[in-house]
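Here are the chains, one letter per residue:
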Amino acid sequence: MSKARLRVGVLVSGSGSNLQALIDSCAAPDHPAEIVTVISNRPGVKALDRAKKAGIEAVTVDHKAYPDRESFDAEMQRALDAAGVEFICLAGFMRLLTTGFVEHWSRRMINIHPSLLPSFKGLNVQQRAIDAGARFSGCTVHFVTPEMDVGPIIQQAVVPIHQDDSAESLAARILEQEHRIYPASLRWIAEGRIRIEGERVLLDSATHPDTSLLNPAPEATR
Ligand code: GRF
């Protein structure tokens, strides 16, 4: 008998391109996770259409309809329980969650952030990385803890910052890598290959790159 797939709920607020990457990856017949619900705190966003198109339940829990964060999170919890969710992926979800909610989902909730954490937490991170003169940026998949953009790091991808980059061009370069690492991290978790030791995440049979990157690149020898 085949093993039950990990039941994943994805929380979104916008375009959902990371959701799409997760949907596409989970569509593989041997994938150990399935997305059972997508919940948005904003009505009418593209992420909800992506879920429907993939035949996945698409739920709106409009935060504006709730008097405070506690009652909003309680409704999110109800929707997640109703769908039998075992694990949460935040994918461009733009609401702060209460400590109670985060602790309930401790080690069972991950996020993707468009910087190399622990640098550049919060918002507007691409422009801030450019303004700080950083030569590299990237993205991070991490477990969610009550403090925003903090928590054990599962995987990162690095991209160079170009001298003529705008926040938009850098964001696009980073997003391409987000779509690689988010599905990969979820798969590792669903395969049971990830364990947390203190602040560190250890992956069974991890492969590490052995190349370094320089930016600006050394000039080609003539
Ligand atoms: C991504 O850059 C993600 O890292 C951040 O919000 C953005 C969401 O984009 N948390 P999308 O909705 O997945 O296209």
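Just above sits the structure.
Position numbers for residues count from 1 along each chain, tracking the sequence in the order it is written. Per-residue local features are limited, in this predicted model, to residues with pLDDT of at least 70; the limit for side-chain atom pairs, both in listing and counting, is 80 or more; totals at the level of whole chains, interfaces and linings are taken over all residues. Note: side-chain values were computed over all heavy atoms of the structure, leaving out hydrogens and water.

With respect to the overall build of the protein chain
And step 1. Helical segments are the DSSP runs of H or I of at least four residues, strand segments are the runs of E of at least two, and each set is numbered from the N terminus. The secondary structure content of the protein chain amounts to 6 helices and 9 strands.
And step 2. C-alpha atoms define the radius of gyration in this analysis, and the globule rule sets the expected value at 2.2 Å times the number of residues to the power 0.38. The C-alpha atoms of the protein chain give a radius of gyration of 18 Å, which matches the 17 Å a tight globule of 222 residues would have.
And step 3. By principal-axis analysis of the C-alpha atoms, the protein chain measures approximately 65 × 45 × 35 Å.
And step 4. Among the 222 residues that make up the protein chain, the fraction classed as buried is 45%.
And step 5. Residue contacts follow a heavy-atom distance rule, with two residues in contact if any of their heavy atoms lie within 4.5 Å. The long-range share in the protein chain, meaning contacts at least 24 apart out of those at least 6 apart in sequence, stands at 63%.
And step 6. Looking at the protein chain as shown, the accessible area adds up to about 12,000 Å², and 51% of this sits on carbon and sulfur atoms. Accessibility here uses a 1.4 Å probe with only protein chains present; expressed as a share of the type maximum, an area under 20% marks a residue as buried, one over 50% as exposed, and anything in between as partly exposed. Per-residue and other accessible areas follow the Shrake-Rupley method at a 1.4 Å probe size, with only the shown protein chains counted as cover for residues.

Quick notes on the pattern of salt bridges
And step 1. We define a salt bridge as a contact between a side-chain nitrogen of Lys or Arg and a carboxyl oxygen of Asp or Glu at a distance within 4 Å. Applying the stated criterion across every chain yields a total of 8 salt bridges.
And step 2. Between R7 and E34 there is a salt bridge whose closest N-O contact spans 4.0 Å. In this pair, R7 sits in strand β1 (residues 6–12) while E34 sits in strand β2 (residues 33–40), placing the two residues 27 residues apart along the sequence.
And step 3. In this structure R7 comes out as partly exposed when scored by relative accessible area, which is 30%.
And step 4. For R195, the salt bridge is made with E197, and the minimal N-O distance between the two is 3.3 Å.

Section: the site of the ligand
And step 1. Around the ligand sit S15, G16, S17, N18, G92, I112, H113, P114, L175 and E178, and those are all the residues in its vicinity.
And step 2. Pairs of N or O atoms within 3.5 Å make up the polar contacts considered here, provided that, within protein, one atom can donate a hydrogen while the other can accept it, and that residues adjacent in sequence are counted only when both atoms are side-chain atoms. Residue S15 places a side-chain N or O atom 3.3 Å away from an oxygen atom belonging to the ligand.
And step 3. If the ligand stood free it would expose 370 Å²; the protein chains cover 81% of that surface.
And step 4. Sorting the residues of the shell around the ligand by element identifies α1 (17–26), β5 (109–113) and α6 (167–190) as the ones contributing at least two each.
And step 5. By residue class, the composition of the shell around the ligand is 3 nonpolar, 6 polar and 1 charged. Being near a molecule or strand, for a residue, means having at least one of its heavy atoms within 4 Å of it. All residues other than Ala, Val, Leu, Ile, Met, Phe, Trp, Tyr, Cys, Pro, Asp, Glu, Lys and Arg, Gly among them, are scored as polar; the first ten of these are nonpolar and the last four charged.

Some points on helix α2 (residues 46–53)
And step 1. Turning to α2, its buried residues number three or more, namely A47, L48, R50 and A51. Down the axis of α2, the buried set is contained in an arc of 160°. They therefore lie on one face. Opposite the buried face of α2, by more than 90 degrees, sit the exposed residues K46, K52 and K53.
And step 2. Buried residues in α2 make contact with β1, α1, β2 and β3 (57–60).
And step 3. Just beyond α2, the residue with positive phi is G55, at close to 75°. The arc under discussion is defined with respect to the helix axis, by the directions toward the C-beta atoms.

A short note on the nonpolar core
Across soluble globular proteins, you tend to see nonpolar side chains buried next to one another.
And step 1. We define a nonpolar core as any set of buried Ala, Val, Leu, Ile, Met, Phe, Trp, Tyr and Cys residues linked to one another through side-chain atoms lying within 4.5 Å. V10, F87, C89, I110, F143 and I154 are the most contacted members of the largest nonpolar core, which totals 40 residues.
And step 2. Among the elements that line this core, the one with the most residues is α6, at 8 residues.
And step 3. For V10, the contacting residues outside a window of four places in its chain are L19, L22, I35, T37, V38, I39, C89 and A91.
And step 4. If you look at the next biggest cluster of nonpolar residues, it comprises 19 residues, including A79, A83, W105 and V144.

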